[in-house]
Each structure stands twice: as structure tokens, then as C-alpha cells.
There are 2 protein chains.
Amino acid sequence: MISKKTKYGLQALLSLARQHGSGPILIADLAEQEQIPKKFLELILLQLKNAGILGSRKGKGGGYFLAKDPGQITMGSAVRVLDGTVAPVPCVSETAYQKCTECADEESCGIRLVMKDVRDAVADILDNTTLKEVLVRSSDVSKKAKKVIDYSI
Amino acid sequence: MISKKTKYGLQALLSLARQHGSGPILIADLAEQEQIPKKFLELILLQLKNAGILGSRKGKGGGYFLAKDPGQITMGSAVRVLDGTVAPVPCVSETAYQKCTECADEESCGIRLVMKDVRDAVADILDNTTLKEVLVRSSDVSKKAKKVIDYSI
DNA sequence: CGTATTCTCTATCGATTTAGTAGGCTAAAA
DNA sequence: TTTTAGCCTACTAAATCGATAGAGAATACG
């Protein structure tokens with residue numbers, strides 16, 4: 001399960017991706033658009049900025065913006081920043097590894113072997129899906145839905 | 001991230017699978033073998049029993065045992081019983097679905113589309129991995145390790 | 001310059017969840 | 001009918017999560 005924080009963060013990133021190129025967006029506007037508690041969003045954006053995913057400018061005309069192209073920011077990187085890891089157990093995490101106390105031999109731990117497969121499958125999806133791709137996919141669905149409606153007229 | 005409860009549960013199931021056929025195992029013995037707090041394990045085993053994964057017998061000679069063959073119990077079923085779901089967000093869960101409040105249209109929600117892929121990938125692994133397979137895999141690793149040692153002598 | 005604007009940072013708080021404990025109850029053997 | 005061993009409910013401590021408050025620091029602009 002991903003946290004609400006991570007979900008908010010992804011929402012915000014996608015919103016910024018949609019508005020990419022139109023300059024900095026205010027936290028307040030983003031919060032309003034995405035219906036995210038403003039103060040909470042503040043922390044999230046800051047974390048994403050400190051991780052190099054977002055950029056910011058202070059003062060009038062300031063706000064937040066993507067530090068890179070939407071096609072170069074992956075869902076995986078955002079989830080790792082906000083949730084710490086993508087792995088189902090710490091002992092198979094690449095970014096937040098922690099030796100597990102219970103099993104004697106990590107190499108032959110059956111649970112670990114399976115969870116490693118899970119981690120790899122999840123990472124494969126999230127690390128190969130960019131914000132841009134997500135936008136395209138979701139607009140494809142919308143178009144398709146519209147098409148169906150058009151036919152029915 | 002799976003909970004410690006789920007991890008304990010999987011450990012216990014694998015231990016019972018290893019000892020499958022030798023009659024009921026005492027909670028106390030399982031707790032000792034797997035180094036799991038006994039009282040906590042008690043709750044976990046009960047939950048697995050109520051879900052039909054384990055069977056039990058009271059009184060002398062009693063204990064817990066697998067209700068089915070190790071080849072017929074999947075990691076997925078155990079995780080769902082103990083963690084409630086396998087999905088990263090409630091809106092893509094088959095077993096613990098909850099409509100998400102934030103996105104207007106679920107069908108075209110980009111986050112949901114990606115998380116659905118993640119869920120499917122995770123479910124595909126966990127639902128197609130039985131306790132038996134886990135045991136085989138982990139003993140394969142052990143054998144391989146042993147072989148290396150043999151060569152080095 | 002100085003003031004309005006907007007992000008930055010630290011601290012705190014309440015609610016929920018997680019991990020674990022306690023203890024009496026019930027069923028089955030012997 | 002006593003012992004054994006699971007069943008069940010309740011409780012609690014600690015951690016995490018979601019959210020808020022408010023002062024501080026940087027930037028633009030008149």
C-alpha cells in the first residue's frame with residue numbers, strides 16, 4: 001500500500017506535468033486544483049524538490065515546476081522519494097535495504113526470493129513509466145470514452 | 001510494504017509446509033522454531049484457520065496443520081488474509097476495493113491505470129506461487145551453495 | 001529601500017495502525 | 001475430571017500517518 005502522501009505527490013506531479021511549460025505553479029493553486037490540504041502538499045513538494053524532481057522559485061511569480069521533462073521523471077523515482085521504497089520487504093529493497101533479523105540465511109530465504117520477484121516486477125513497471133506516459137495513457141482512455149459517446153449520438 | 005504480521009504468517013506457513021504430514025504442530029513449537037512471539041503467532045494462526053488455510057485440533061496431540069496440500073496454498077491467499085489486499089491502492093483492489101475520493105473519473109485516472117498494472121503484476125506472482133514452490137526454490141539455492149563449497153574442498 | 005509574495009523549515013498534534021501482551025473460556029484427550 | 005492446547009476478547013505501548021501552525025528566508029517590484 002502506498003501512503004496518501006505518495007498519492008498526493010503523484011497527483012501533484014501529474015498536474016505539474018500537464019501544465020509543464022507555463023511557468024511556476026503556486027502551492028495554493030495546486031492544492032486547490034487537486035483538492036489536497038495545502039500545508040500537507042507544501043511538505044510533499046518540498047521533499048520532491050530536495051530530491052531534485054521539482055524546482056521552485058520564491059516571491060511574486062514564483063511557485064513549483066518540474067525540474068526535468070515529464071518524459072524523464074518516472075513514477076518509481078517519485079514513489080521512492082515519498083514512500084522510501086518500492087519493495088514489499090526491507091531485505092529486498094535497493095534504496096532502503098535493511099537486513100532482516102528473523103531469517104538466518106538471506107540467500108536461501110524462501111520469502112525473500114518471492115518478495116524479490118515482486119519488487120523487481122513493481123520496479124520494472126514504475127521505473128519504466130514516466131509522467132508523460134501516464135498523461136498519454138489517461139487521455140487515451142478519455143478519448144476512447146468520448147468516441148463511444150459520439151457513436152451513440 | 002507487507003506487515004510483520006504477514007511476514008510471521010508466511011514464515012509459519014512455510015514451516016508447517018516443511019513439516020507437512022507429521023501431524024499437528026504446537027503453537028509454542030512453531031513460535032520457538034521461527035522465533036515469533038507466541039501470543040502474536042496465536043492470533044495469526046487463528047486468522048489463517050478462519051480463512052480456511054489452516055486446520056487445528058485442541059487438547060493433547062493437538063496443534064495446527066495445513067488444511068490443504070502445500071502445492072495448493074498460494075502466497076497470495078495468505079497475504080490477502082493477513083494484510084487484507086495485495087493492491088498498492090484500494091481503488092484497484094479486487095478483495096478490498098474502495099472508491100477513491102480524490103479522482104473524479106476512476107476510468108481515466110492515470111495513477112489508477114499504473115497502479116492497476118502493479119497490482120496485476122504482484123497478484124500474478126503471489127497467486128501463482130505455492131508454499132511447495134517456495135520450499136523447492138529455497139532448497140535449490142541451498143543445494144547450489146553447498147555444491148560450491150564441495151568444489152572448493 | 002521596504003514591503004508584499006511565496007517558498008522553507010521546525011515543531012506539534014490527534015488519529016490510526018501495528019506489534020505485542022494478558023487472561024479467561026472452550027473443546028478434546030486421557 | 002484433570003490436563004492439554006487452541007479460542008476469543010480486551011487492552012496497551014509505540015510507531016506511523018495525515019494534517020496544521022507559525023516563524024523565517026529569499027525574491028520581485030514599486
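Per-chain numbering applies: the sequence of each chain, read as written, is numbered from 1 onward. To read the labels, note that chains go from A and ligands from 1, taken in the order they are written. With pLDDT at 70 or above as the cut-off, local features in this predicted model cover only qualifying residues; side-chain atom pairs require 80 or more to be listed or tallied, and sums for whole chains, interfaces and linings still use all residues. For the side-chain quantities, the full set of heavy atoms in the structure was used; hydrogens and water were omitted.

Undergrad: How would you explain the pairing of strand β2 (residues 63-66) of chain A if you had to name every residue and give the values?
TA: For a regular strand, side chains alternate in direction, first toward one face of the sheet and then toward the other. Residues and elements named next belong to chain A. Of the strand pairs in this sheet, strand β1 (residues 54-57) and β2 are connected by four bridges, and their pairing is antiparallel. Looking at β2, one finds that Leu54 is bridged to Leu66. Where β1 folds back onto β2 in an antiparallel hairpin, the turn is made up of five residues, including Gly59, whose phi is positive at roughly 75 degrees. In short, DSSP must find at least two bridges between two strands for them to pair. Numbering of helices and strands runs from the N terminus; a helix is a DSSP stretch of H or I covering at least four residues, while a strand is a stretch of E covering at least two.

Undergrad: Tell me about the interface of chain B and chain A, and name the residues and values.
TA: Should any heavy atoms of two residues lie within 4.5 Å, those residues are considered in contact. With 36 residues of chain B at the contact, the number on the chain A side is 36 residues. For the pairing of chain B and chain A, the buried interface totals around 3300 Å² over both sides, and the portion due to carbon and sulfur atoms is 76%. What makes a salt bridge here is a side-chain nitrogen of Lys or Arg within 4 Å of a carboxyl oxygen of Asp or Glu, nothing more. There are two salt bridges connecting chain B and chain A. As used in this structure description, the phrase polar contact means that two N or O atoms lie within 3.5 Å; if the pair is within protein, one of them must be able to donate a hydrogen and the other to accept it, and residues adjacent in sequence are counted only when both atoms belong to side chains. For the pair chain B and chain A, the interface holds four residue pairs in polar contact (both at pLDDT 80 or more). Every element with two or more residues in the side of chain B that touches chain A is listed here: α1 (4-18), α5 (110-127) and α6 (131-152) of chain B. A per-element tally of the side of chain B that touches chain A places α5 of chain B first, with eleven residues. Side-chain classes are defined by residue name, with Ala, Val, Leu, Ile, Met, Phe, Trp, Tyr, Cys and Pro counting as nonpolar, Asp, Glu, Lys and Arg as charged, and the others, Gly among them, as polar. Of the residues assigned to the side of chain B that touches chain A, the class counts are 23 nonpolar, seven polar and six charged. Buried area: the accessible surface (1.4 Å probe) lost by two parts on joining, summed over both.

Undergrad: Can you tell me about the protein's contact with DNA strand D, naming the residues and giving the values?
TA: Throughout, the term near means that a residue has one or more heavy atoms lying within 4 Å of the molecule or strand in question. In the vicinity of DNA strand D there are 25 residues, among which Lys39 of chain A together with Glu42, Lys49, Ser56 and Tyr64 of chain B approach most closely. Lys4 of chain A has a polar backbone atom sitting 2.9 Å from a phosphate oxygen of DNA strand D. The set of elements that each furnish at least two residues to the surface near DNA strand D consists of α1 (4-18) and α3 (38-50) of chain A together with α3 (38-50), β1 (54-57) and β2 (63-66) of chain B. Looking at the surface near DNA strand D, its residues break down into ten nonpolar, five polar and ten charged.

Undergrad: So what about the pattern of salt bridges? Which residues, and what values?
TA: Scanning the entire structure with this criterion turns up 14 salt bridges over all chains. The closest approach of N and O atoms between Lys39 of chain A and Glu42 of chain A, which form a salt bridge, is 3.2 Å. Here Lys39 of chain A and its partner Glu42 of chain A are both found in helix α3, three residues apart, which amounts to about one turn of the helix. Exposure is judged per residue with a 1.4 Å probe applied to protein chains only, and the accessible area is read against the type maximum: over 50% gives exposed, under 20% gives buried, and values in between give partly exposed. In this structure Lys39 of chain A comes out as exposed when scored by relative accessible area, which is 61%. A relative accessible area of 24% places Glu42 of chain A in the partly exposed class. With a closest N to O distance of 2.9 Å, Arg137 of chain A and Asp117 of chain B form a salt bridge. Taken together, the residues Arg137 of chain A in helix α6 (residues 131-152) and Asp117 of chain B in helix α5 connect one chain to another. Arg137 of chain A gets classed as partly exposed once you look at its relative accessible area, which sits at 32%.

Undergrad: Give a detailed account of the relation of the copies chain B and chain A, specifying residues and quantitative values.
TA: Alignment of copies: least-squares fit on C-alpha atoms of residues with pLDDT of at least 70 in both copies. Of the transformation superimposing chain B on chain A, the axial component is 0.0 Å and the angular component is 180 degrees, with the fit at an RMSD of 0.0 Å. Within this description, the copies of the chain are treated as partners about a two-fold rotation axis. An overlap of 100% is found between the interface residues of chain B and their copies at the interface of chain A, pointing to a shared contact surface.

Undergrad: So what's going on with the protein's contact with DNA strand C? Which residues, and what values?
TA: The environment of DNA strand C is formed by 26 residues, the closest being Lys49, Ser56, Gly59 and Tyr64 of chain A together with Lys39 of chain B. When atoms of DNA strand C within 4 Å of the protein are sorted by moiety, sugar and phosphate together comprise 69%. Between a phosphate oxygen of DNA strand C and a main-chain N or O atom of Lys4 of chain B, the distance comes to 3.1 Å. If you list the elements that add at least two residues to the surface near DNA strand C, you get α3, β1 and β2 of chain A together with α1 and α3 of chain B. When the residues that make up the surface near DNA strand C are grouped by side-chain class, the tally is ten nonpolar, five polar and eleven charged.

Undergrad: Describe in detail unusual backbone geometry, supporting the description with residues and values.
TA: Despite not being glycine, Gln35 of chain A has its phi angle at roughly 55 degrees, a positive value. In this structure, Gln35 of chain A sits in the loop between α2 (27-34) and α3.

Undergrad: A description of α5 of chain B should follow, citing residues and the corresponding values.
TA: By this rule the span expected of a helix is its residue count minus one, scaled by 1.5 Å. The first and last C-alpha atoms of α5 of chain B sit 25 Å apart over 18 residues, in line with the 26 Å expected at 1.5 Å per residue. Where burial is concerned, most of α5 of chain B is hidden: 13 out of the 18 residues are buried.

Undergrad: Requested: an account of the nonpolar core, with residues and values cited.
TA: If you look at the biggest cluster of nonpolar residues, it comprises 91 residues, and the most contacted ones within it are Leu54 and Met115 of chain A together with Leu54 and Leu126 of chain B. For Met115 of chain A, the residues in contact, after removing those within four places along its chain, are Pro88, Val89 and Val92 of chain A together with Ile2, Leu10 and Leu126 of chain B. Side-chain atoms within 4.5 Å link the members of a nonpolar core, which is a set of buried Ala, Val, Leu, Ile, Met, Phe, Trp, Tyr and Cys residues.

Undergrad: Would you mind going over the packing of α1 of chain B against α3 of chain B in detail, with residue names and values included?
TA: Residues and elements named next belong to chain B. For the pair α1 and α3, interaxial distance at closest approach is 10 Å and the crossing angle is 75 degrees. With respect to α3, the axis of α1 lies roughly perpendicular. Two secondary-structure elements touch here, α1 through Lys5, Tyr8, Gly9, Ala12 and Leu13 and α3 through Phe40, Leu41, Ile44, Leu45, Gln47 and Leu48. Of the residues assigned to the contact of α1 with α3, the class counts are eight nonpolar, two polar and one charged. Every axis corresponds to a line fitted to the C-alpha atoms, with the helix fit spanning only the stretch in contact, and the corresponding angles, defined between N-to-C directions, vary from 0 to 180 degrees. Orientation categories follow fixed angle ranges, with anything under 35 degrees roughly parallel, anything over 145 roughly antiparallel, 65 to 115 roughly perpendicular, and all other angles oblique.

Undergrad: Quick rundown of α2 of chain A? Include the residues and the values.
TA: Residue and element names in this part refer to chain A. Of all the positions in α2, only Ile27, Leu30, Ala31 and Glu34 are classed as buried. The arc that holds every buried residue of α2, seen down its axis, measures 100 degrees, which confines them to one face. In this structure, the buried residues of α2 make contact with α1, α3 and β2. Positive backbone phi, approximately 55 degrees, marks Gln35, located one or two places after α2. Note that the arc is computed from the directions linking the helix axis to the C-beta atoms.

Bear in mind that shape data such as this cannot, by itself, settle questions of function.
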